[in-house]
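# A closer look at the structure
Each chain, written out:
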Amino acid sequence: MALPKRRKSHAKVRTRRQATFRLRAVAFSACPSCGQPTPSHRACPYCGHYGDKGVVLRIRRKKEAKKQ
Ligand SMILES: [Zn+2]
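What comes next concerns the included structure. (Residues numbered from 1 in each chain as written. Predicted model: local features only at pLDDT ≥ 70, side-chain atom pairs only at ≥ 80, totals over all residues. Heavy atoms only, no water.)

### Overview of the overall build of the protein chain
Of the regular secondary structure elements, the protein chain holds two helices and two strands. Taken from the N to the C terminus, the helices and strands of the protein chain come in the order α-β-β-α. Per-residue burial over the protein chain gives 9% buried out of 68 residues. Taking as baseline every contact in the protein chain between residues at least 6 positions apart, the subset at least 24 positions apart corresponds to 0%. (Helix = DSSP H or I, 4+ residues; strand = E, 2+ residues; numbered from the N terminus. Buried < 20%, exposed > 50% of the residue type's maximum accessible area, 1.4 Å probe, protein only. Contact = heavy atoms within 4.5 Å.)

In structure tokens form, the structure reads like this:
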């Protein structure tokens, strides 16, 4: 099995770890049902669709109705 010749310094390790520690811009894509720009991996804030799986916000409304 291959072994590293030298041990990585703390600075080298920290810079590699820090490379993933940053804020990234949210990726937007057009909603398949209403066409509005929607953050990916989120339910559409305009119509409540998540991808092509149907309406998600309708389920949430039912839960809120039960509480009241
Ligand atoms: Zn939508």
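### A few points about the coordination of the zinc ion
Note on the zinc ion: its protein donors are C31 (SG), C34 (SG), C44 (SG) and C47 (SG). The metal-donor distances range over 2.2 to 2.3 Å. One can describe the site at the zinc ion as tetrahedral: its four donor atoms subtend angles covering 106 to 113 degrees at the metal. Every donor residue of the zinc ion comes from the same chain, spaced as C-x2-C-x9-C-x2-C. (Donors = N, O, S within 2.8 Å, 3.2 Å for Na, K, Ca; no water. Tetrahedral: all angles 85-135°; square planar, octahedral: opposite > 155°, others 65-115°.)

### A closer look at the side chain of T38
Position of T38 among the secondary structure elements: in strand β2 (residues 37–39). Assessed through its relative accessible area of 5%, T38 is described here as buried. At 3.1 Å, the side chain of T38 and the backbone oxygen of Q36 are in polar contact. Leaving out residues up to four positions away in the same chain, T38 has contacts with A27, F28, S29, C31, A43, C44 and P45. (Polar contact = N/O pair within 3.5 Å; in protein donor to acceptor, adjacent residues only side chain to side chain.)

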